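# Observations on the model geometry
One-letter residues, chain by chain:
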Amino acid sequence: MSMELDVFVGNTTIIDEEVYQLWLDGHSVSDAVRMRLESDALSECEASGEVLHSDTMDQYRTFQMCERLLHCPSKLANQLLFQIPAHRQAMLIERYYEFDHTFAREVLGKKLSKGTKKDLDDISLKTGVALKSCRRQFDNFKRVFKVVEELKGPLVENVQHHFLLSDSLARDYAAVVFFANSRFETGKRKLQYLSFQDFAFCAGQLISYWTVGAVDNMMEDMDVDLEKEFLHDLKDLKVLVNDKDMLDQHKSLVCYQLKGKIKAFSEMEANFKNLSRALINIASKLTNTKDVRDLFIDLVEKFIEPCRSDKWTVGDLTLFLTHYTSTAHTLEMFRFQILWERYMGVIKSCILKMYHD
Amino acid sequence: MPGKLKAKIVAGRHLPVMDRASDLTDAFVEVKFGNTTFKTDVYPKSLNPQWNSEWFKFEVDDEDLQDEPLQITVLDHDTYSANDAIGKVYIDIDPLLSSEAATVISGWFPIYDTIHGIRGEINVLVKVELFNDLNRFRQSSCGVKFFCTTSIPRCYRAVMVHGFVEELVVNEDPEYQWIDRIRTPRASNEARQRLISLMSGELQRKIGLKVLEMGGNAVVGYLQCFDLEGESGLVVRAIGTACTLDKLSNTYTPATAINPCNSSPSKDIKDSPQAVPSALGCRSTHSSPVHSASSRLSQGFSVSVPTLLFAGMGSGGSAGKEAGPLKALLRQQTQTALEQREFPFFTLTSFPPGFLLHVGGVVSARSVKLLDRIHNPDEPETRDAWWEEIRQEIKSHAKALGCHAVVGYSESTSICEEVCILSASGTAAILSSRFMQDSALDTEHRFEDLMSPGCAFCHIPYDELNMPFPAQLTYCHCCRRYKVPDVLFTTIDLPTEANVTGKGCLIQARLCRTKKKAQGEGNATAISNLLPFLEYELHTQLMNKLKLRSMNALFGLRIQISVGENMLLGLASATGVYLTALPSPGGIQIAGKTPSDITYEQHISNMQKKINDTIAKNKELYEINPPDLVEEVIGSPIPEPRQRSRLFRSHSESSDEVSELDLSHGKKDAFVLEIDDTDAVEDIHSLLTDAPTPPGFYSCNTEIMPGIYNWTSALQMFTSVRVFRLSNVNLTNQGLNKVFNDLCENLLKSLYFKLRSMVPCCLCHVNFTVAVPEDELIQVAVTAVAMSFDKDQTQENGRQSIDKNLMKAITENEDQLQFPLELSAESSSNPLNSAKGLSEVSGPLPSARAPSVDYSSFTDRCSSWIEQLRLKAHTIRCGSIKTMSSLEKASPLPEGRSRSLRSNRSYAGSSVTVVKMTPLSFIPGTKIIKYLGIINMFFIRETTSLREEGGVSGFLHSFIAEVFAMVRAHVAALGGNAVVSYNMKECVFMENPNKNQAQCLINVSGDAVIFVRESELEATPPQPHSASAQTSSSGEGT
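Since the structure is predicted, the reported quantities are computational estimates derived from the model, not experimental observations. (Residues numbered from 1 in each chain as written. Chains lettered and ligands numbered in written order. Predicted model: local features only at pLDDT ≥ 70, side-chain atom pairs only at ≥ 80, totals over all residues. Heavy atoms only, no water.)

### Some thoughts on the overall build of chain A
When its secondary structure is counted, chain A shows 21 helices and one strand. Its C-alpha atoms put chain A at 90 × 45 × 35 Å along the principal axes. Counting the 357 residues in chain A, one finds 54% classified as buried. Considering only residue pairs separated by 6 or more positions, chain A has 69% of its internal contacts joining residues 24 or more positions apart. Accessible surface for chain A amounts to roughly 15,600 Å². Of this, 51% is attributable to carbon and sulfur atoms. In chain A, the 46 positive side-chain charges and the 54 negative ones have mean positions that sit 7 Å from each other. (Helix = DSSP H or I, 4+ residues; strand = E, 2+ residues; numbered from the N terminus. Buried < 20%, exposed > 50% of the residue type's maximum accessible area, 1.4 Å probe, protein only. Contact = heavy atoms within 4.5 Å. Areas by Shrake-Rupley, 256 points an atom, 1.4 Å probe, with all protein chains shown as cover. Lys, Arg positive; Asp, Glu negative; His and termini not counted. Charge placed at Lys NZ, Arg CZ, Asp CG, Glu CD.)

Structure below.
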């Protein structure tokens, strides 16, 4: 005695968002049924396990059939098999491409290759995200990466156009793609305290200011890579630390501005040359791919950690970086104003984002 | 050379990868009609080919145009080996042959393969140029319109209803031809699909010819079925009602002819004795089965099964006494008009006002045949004779009920191996001659008087001394003048003018009976011996359940009997209602046979209590509060109703006490259930195991639910299929019953759960079909539509929307004419002043419009960002998107209309038209402005990788979704945005899990239409050109 076949098909495809989430989270049908039975939301329907099982099976089948279309979201809009209202289509796509930040944090900066895919079980164990879900998220990263990698024009918009995602989600994907492409080091122990959101913010800054597309909108070039020329020019900033007079002048200007305004003034005064040197060194080394990858670890080791050990507050740091940047303009001999602004603007916002416990 | 068919292949998209090496496809298209084939060029290395072909022209007879489908095959070119077929599209060009339907077929069609399902889409343009044909002896019947809708289609009026048309064609089933052993499953499936398409075309053409012969121009209630007889052949048969229809050029100004009832309802009925003509009663009874004992064994084997008449009625004797001579004459006329017809049958289930005078009861006939005894299986004669026999029987049953016509007529079969059960059923009725050919009298005036009030159709006119079987009669609770039966069963929809108390509900009787496996005649005899019992028990169950819900009438009764190797399944579905005119049903009283044991008595009293509780609960649930007598008297527009009724009683032979007792709603007539054996206990249990519908849900199997009027536009049509395997072979009848009952109940429960987001909502037109596909399998398929309604709106408002929907043209006029009269005459607006009958239906303020509908509900509510994105992202668009934009541009209509277009096309970037599907003949809150033609599609899907496709459920799930998609695509290509009267007539599922194989056949039908929102219609001035604008613009859209 058993139900051999049990299907329900609506002219308008019925999608239960809760079940969709359970499916996306990688739960098996029986798990999903159990969780739905336990949830309060359905208690008023007095649905039996049998009814829920049948419903869950229908939903899961629908999702499986839709999955092929979700891989290319623009297809969902002009396919004929499922009649899904537009706002539900948007929901399906958005949810399918949403990812766990803890998971993304683990994959960030790694090569989106088969090798990494093999490590997914470890990541699943570590993050508590079900393996199935990890695979979906990883495949999404890979798919998005593959499509936008070769495309010209702004990265975020490319992601949005091809995958019909919301602005914020497209930005997150842009960050993932950007990190994967430049292979930034994010896995070091010292970087562990940084969240996906921290990195995503930094990626946004880098994409907005340091790539080719950032300076010239008309340039039909890729947004995924940092501008080579800019990185090369950064060497010129060395003058700020190599020229002793300039360094001293810079320091005195900053100190003058900050006196009485920050708590860690004495520490700043003592450390100014080291800090400045650290920032300029990072800049000058960025021509080297290896050093580009180490951008974040360098920022933490060379700048953030010293500040932290001196117990700078965020306010202190903000003031310091603001004036550190602005006073350079008043240096007579300093000719690289635009370059300096472009570099420090990003560095400042990245550091401030990264400066927390 | 009466016609030229032109086809153009525009483009393809989402094609499958056919060349693994390049991950691409070299696609080309073959376009075939009849024996002519054209080919497009090969479009190399693309999954989105742009053929943009020339116009392929086929010069053909219109006979072929009707029979043949246009066959489009998409192939992958292969230099070295044979070209691989990607899939096919069959396009029925019949809609293009009628001047009033579609003018062009243009759009994306899913490319369908019987093994792989849908594989991409193809954009096609098809046009037809017809030349005038002066040949009188032509074989074609181009121009005859077909409608699946079982009522007069919304934008037409009936000039004449000619009557029954039927046809049947037979062919060898390709699946059983010798060649099938050597050809691929794909070739075999395609041969079958093509054959059925051809046969349907031929059938339609032949029926069209009959219609033309009768002088009609349309077939309404067209029902086409397939019988897969196996070895003996494949039968396609169809029945319908021939009509002459007139298109209402503007639905706002109905022709006067349709409105003979304009001024009458405010007149007091007593002035015109013929106003309530020979009322027919119907008495549901199982105590007197009417046998038709003709067991002919002439050709092969045939058993005519004793048939139960679910209702009885006498000749119109007593009515004749009261009615004037005019009425008698009229009746005679109608009778003769009908008698000239071989079968006075009508497949309609709802009727133009004034057409249906009286409803008798349900008449049905069944007969068991042996398919292997057909002498020449390839000829239709034998089957024709079988159906002839059945129809004769139905006709004689109707006659026995004193009725001259059968309405709500349908036919069906159930086949198991070589045994075939033929069934026919309908409702015996008396019709007005108004729409009949032979009515010679000038009808205009007479029918004004004849407009029947809401209770007339259930009046019993018959001579109580001469009743065919015992019936409990009472005076009509509405008018108190004529007698009515205590219970009424019918196969039709609830007449719009009927007075109903409370709401209705779906009532099902389910039964399973084991049968010994047998062969040939023995088997047939065994089945025919079982059938009467099955019907009897189904009837008892229906009756009990009706009483339990405190209701007194069933509409839309459909009894399906399905035969398997070792069991018979019976499923009766109907919508129960409380007709105000009929007496309140008594309760159910349980009586024990042996009242000796105390525990036994206690048991019985417990059960009695449970039953009483359920009845009370149901009364509350369905809002059945039969009007209090006193109130009724006060509100009644007929002065001194009691006196009047007494007066009438003295005229007729009825006994005084009956009416006295019944008027008091006494418990005296309680229905007694005797518990004398286990069967009875089982009956009672099954009574009480039916779970009530969850709060917020209603269900019915008729078009509309009495008591609910304020529908919103939220609509969800669905199909659900379940197959249950009985692993325990030695099941008893009780065990089987329980399994079957649970299967249906659980299915309903699941439906309620799935549709919970639509609450408050009603499942309408719930259509169950059962089958026994294999030894231990029970298959149940349900197709229905869930419609949300607005709880907060007042009844008054709601009433109106139903008017809008159902009475259409008539009410528009009536409102204006009648309302002032109504106001002055009976401003108390007592809902029970039902003697006037129409007052409730036609009374609403003309100014108050139907509730405005939130049509933006879901399609429009897409977030803006994604809309913009799509605009940007979708740069490559072809074919239909161009059509869309040109549609919008070309549309000369004001804001309201173009808004609807946009809402249908969901958003600018998407090229997929939203197509609504519903088994009903209308969509609430909308007006159908054009019928584009009939949709009649037959698909086969087969798989040899069942597990890989997600097992049987995965397989069927995707197949049903594909069928929906193909129906929608065809409708959209015709320029439509909805399918009404949608019906899944066949879903034959076969599996062989061991071989990892499964096969399924699905046959669907419906009417493709264009609808517009009523709210938008009102925003724009009524414009006669709205329909033509739509056509022309969609025509231009290329």
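That was the structure; now back to the text.
### Quick word on the nonpolar core
Ranked by internal contacts, the top residues of the largest apolar core, which has 258 residues, are A:F320, A:Y343, B:I122 and B:L579. If we ignore the near neighbours within four places in the chain, the residues touching A:F320 are A:V254, A:L258, A:M268, A:F272, A:L275, A:F303 and A:W312. One finds B:C512, B:L743, B:L747 and B:V770 within the second-largest nonpolar core, a separate group that totals 33 residues. (Core = buried A, V, L, I, M, F, W, Y, C linked by side-chain atoms within 4.5 Å.)

### Overview of the pattern of salt bridges
All names here are of chain B. Across all of its chains, the model carries 51 salt bridges over all chains by this definition. A salt bridge links E166 to K210; the shortest N-O distance between them is 3.8 Å. Within this pair, whereas E166 is found in strand β10 (residues 156-171), its partner K210 is found in helix α2 (residues 185-214), the two being separated by 44 residues in sequence. With its nearest N and O atoms 3.0 Å apart, the salt bridge here joins K206 to E202. With a gap of four residues between them, K206 and E202 both fall in helix α2, about one helical turn apart. (Salt bridge = Lys/Arg side-chain N within 4 Å of Asp/Glu carboxyl O.)

### Details of helix α17 (residues 265-285) of chain A
All names here are of chain A. With 21 residues, α17 should reach 30 Å at 1.5 Å per residue; the first-to-last C-alpha distance of 29 Å fits that figure. A maximum bend of about 60° is found in α17 at N271. Turning to α17, its buried residues number three or more, namely F265, M268, F272, L275, S276, A278, L279, I280, I282, A283 and S284. Residues of α17 that are buried make contact with α14 (228-233), α15 (239-242), α16 (244-258), α19 (295-309), α20 (314-330) and α21 (337-354). (Expected span 1.5 Å × (residues − 1). Bend = angle between axes of the 7 residues up to and from the residue.)

### Describing unusual backbone geometry
B:P760 follows B:V759 through a cis peptide bond whose omega is 0°. You can see B:P760 is positioned in the loop between α13 (733-754) and β27 (761-771). Located in the positive-phi region is A:R183, a residue other than glycine, with phi close to 55°. Among the secondary structure elements, A:R183 is positioned in the loop between α11 (167-182) and α12 (196-210). Even without being glycine, B:S550 reaches a positive phi, approximately 60°. The class for B:S550 is buried, based on a relative accessible area of 2%.

### Digging into the interface of chain B and chain A
Taken together, the contact pairs 70 residues of chain B with 48 residues of chain A. Across the interface of chain B and chain A, roughly 5,000 Å² is buried in total on both sides, 62% from carbon and sulfur atoms. The interface formed by chain B and chain A includes five salt bridges. Across the salt bridge formed by A:D6 and B:R722, the nearest N and O atoms sit 2.9 Å from each other. Counting across the chain B and chain A interface gives 26 residue pairs in polar contact (both at pLDDT 80 or more). The set of elements that each furnish at least two residues to the side of chain B that touches chain A consists of β7 (105-113), β8 (117-130), β26 (711-725), α13, α17 (864-873), β29 (916-917), α20 (951-973) and β31 (978-992) of chain B. (Buried area = accessible area lost by both parts, 1.4 Å probe. Polar contact = N/O pair within 3.5 Å; in protein donor to acceptor, adjacent residues only side chain to side chain.)

### Quick notes on the environment of A:L240
All names here are of chain A. Topologically, L240 is positioned in helix α15. Sequence separation between L240 and G187 is 53 residues; the distance between their C-alpha atoms is 32 Å. Setting aside residues up to four positions removed in sequence, L240 forms contacts with M246, L247, H250, I280, L331, F334 and W340.

### Overview of the sheet that holds β27(B)
With mixed pairing, the five strands of this open sheet are ordered in space as β1(A)-β26(B)-β28(B)-β27(B)-β25(B). The open sheet terminates on both sides in strands that have one partner only, identified here as β1 (2-10) of chain A together with β25 (697-699) of chain B. Pairs of neighbouring strands in the sheet enclose a mean axial angle of 25°, with direction left out of account. As paired elements, β1(A) and β26(B) share eight bridges and run antiparallel to each other. (Pairing = 2+ DSSP bridges. Axes fitted to C-alpha atoms, helices over the stretch in contact; angles between N-to-C directions.)

### Description of the packing of α17(A) against α20(A)
Residue and element names in this part refer to chain A. The interhelical angle for the contact between α17 and α20, taken along N-to-C directions, is 65°, at an axis separation of 13 Å. Crossing hand, α17 versus α20: right-handed. Residue-level inspection shows M268, F272, L275, S276, L279 and I280 of α17 in contact with α20, the latter providing F320, L321 and Y324. Looking at the contact of α17 with α20 residue by residue, the classes come out as eight nonpolar, one polar and no charged. (Left-handed = near helix turned anticlockwise from the far one by under 90°. Nonpolar A, V, L, I, M, F, W, Y, C, P; charged D, E, K, R; others polar.)

### As for the packing of aromatic side chains
Evaluated as defined, the whole model comprises 49 aromatic pairs over all chains. The interplanar angle of 55° and the centroid separation of 5.1 Å between the aromatic rings of A:F179 and A:F184 together place this pair among those described as tilted. Under the relative-accessibility criterion, A:F179 is labelled buried at 0%. Between A:F179 and A:F296, the aromatic rings sit 5.5 Å apart at their centres with planes inclined by 20°, giving stacked as the arrangement. A residue pair is termed long-range when its members are at least 10 positions apart, and A:F179 in helix α11 and A:F296 in helix α19 qualify at 117 residues. Of the two residues, A:F179 and A:F296, neither departs from the other in class, the shared state being buried. In this structure an aromatic cluster arises from ring pairing among A:Y20, A:W23, A:F63, A:Y96, A:Y97, A:F99, A:F103, A:F141, A:F163, A:Y173 and A:F196. Against the face of B:W108 rests B:R13, its NZ or CZ located 4.1 Å from the ring centre. (Phe/Tyr/Trp six-rings, centres within 6.5 Å; stacked < 30°, edge-to-face > 60°. Lys NZ or Arg CZ within 6 Å of the ring centre and 35° of its normal.)

### Side note on empty space enclosed by the protein
Residues and elements named next belong to chain B. According to the stated counting rule, one finds 18 cavities of 30 Å³ or more in the structure shown. Size it by volume and the second largest cavity reaches roughly 460 Å³. Y90, D92, S197, N936 and M937 are the residues nearest the centre of the second largest cavity, which is lined by 33 residues in total. (1 Å grid on protein atoms, 1.4 Å probe; cavity = no way out; pocket = protein on both sides within 12 Å on 5 of 7 lines; lining within 4 Å. Points joined across faces, edges and corners; volume = space filled by probe spheres on them.)

### Notes on the environment of A:T325
Residues and elements named next belong to chain A. Assignment of secondary structure puts T325 in helix α20. For T325, a relative accessible area of 7% corresponds to the buried category. Each C-alpha atom, one on T325 and one on G345, is 8.2 Å from the other, the two residues being 20 residues apart in sequence.

### Focus: the environment of B:T40
Residue and element names in this part refer to chain B. Residue placement: T40 occurs in the loop between β3 (36-39) and β4 (56-60). Owing to a relative accessible area of 8%, T40 belongs among the buried residues under this scheme. For T40 and G696, which are 656 residues apart along the polypeptide, the C-alpha to C-alpha distance reads 55 Å. In this structure T40 touches I9, F28, V29, W51, S53 and F56, once residues within four positions along its chain are discounted.

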